[in-house]
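# Fold and geometry: a report
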Amino acid sequence: MKPNRVDHIGIACTNLEEAMKFYEALGLTCTNIEVVEEQKVKVAFFPCGDADLEILESTTPDGPIAKFIEKNGGRGGIQHIALNVDDIKEAIAYMKEIGLRMLDNEPRYGAGNSSIAFVHPKSTGGVLIELAQRL
Ligand code: CO
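Report follows, based on the coordinates. Since the model is a prediction, treat every value here as computed from it, not as a measurement.

The helix and strand inventory of the protein stands at three helices and eight strands. Relative to its length of 135 residues, the protein is compact, with a C-alpha radius of gyration of 15 Å against a globular reference of 14 Å. The 135 residues of the protein split such that 44% are buried. Put simply, of all contacts in the protein between residues at least 6 apart along the chain, 51% involve residues at least 24 apart. Per element, the accessible surface of the protein, about 7,400 Å² overall, is 52% carbon and sulfur. Seen as two clouds, the 14 positive and the 20 negative side-chain charges of the protein have centres 6 Å apart.

Put into structure tokens, the structure is as follows:
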């Protein structure tokens, strides 16, 4: 169960439209903007080589991205790193087998048509790691 590559880097922002201007100025192109209701986020994807930059704006004041920004002194920042896996169910089972704590014990829908699960930061040295299988 070795991850294939960095799938994307999740970057929280306070204003998606504003944040997108920076990545567009670099010459990157947004390929998809999507609202994921259950995660309370609006997401823009900017492919950049083998990985995407996933720019996240909270759709509610109580969502995980809003909480991250609050903890970060009101500023955006890197919120998670996603590793690409071939089989999300197998990856979850493996993580548990080696004694890691999962935030998600079952795969759930992730933006960009993926199936995802988060590993608990207590098991990763403080980094929020997402496992992502592209569907
Ligand atoms: Co993500």
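Let's pick the thread back up.
Burial analysis of strand 4 (residues 51–58) places eight of its eight residues in the buried class, the great majority of the element. The side-chain alternation of strand 4 yields two buried faces, one formed by A51, L53, I55 and E57 and the other by D52, E54, L56 and S58. Alignment of strand 1 (residues 5–13) against strand 4, held across six bridges, turns out to be parallel. Bridging from a neighbouring strand, A12 pairs with L56 of strand 4. Pairing analysis gives eight bridges linking strand 3 (residues 41–48) to strand 4, with the strands arranged antiparallel. Considered in strand 4, the bridge of F45 is made with E54. What sits between strand 3 and strand 4 in their antiparallel hairpin is a turn of two residues, with G49 showing a positive phi close to 65 degrees.

Formed by I11, C13, L16, A19, M20, Y23, L28, A44, F46, L53 and I55, the largest nonpolar core amounts to 11 residues. Mapped by element, the contributors of at least two residues to this core are strand 1, helix 1 (16–25), strand 3 and strand 4. No other element matches helix 1, which puts four residues into this core. With 10 residues, the next largest nonpolar core counts M102, V119, I129 and L131 among its residues.

Cut-off values and rules
- Residues numbered from 1 in each chain as written.
- Predicted model: local features only at pLDDT ≥ 70, side-chain atom pairs only at ≥ 80, totals over all residues.
- Heavy atoms only, no water.
- Helix = DSSP H or I, 4+ residues; strand = E, 2+ residues; numbered from the N terminus.
- Rg over C-alpha atoms; globule rule 2.2 N^0.38 Å.
- Buried < 20%, exposed > 50% of the residue type's maximum accessible area, 1.4 Å probe, protein only.
- Contact = heavy atoms within 4.5 Å.
- Areas by Shrake-Rupley, 256 points an atom, 1.4 Å probe, with all protein chains shown as cover.
- Lys, Arg positive; Asp, Glu negative; His and termini not counted.
- Charge placed at Lys NZ, Arg CZ, Asp CG, Glu CD.
- Pairing = 2+ DSSP bridges.
- Core = buried A, V, L, I, M, F, W, Y, C linked by side-chain atoms within 4.5 Å.

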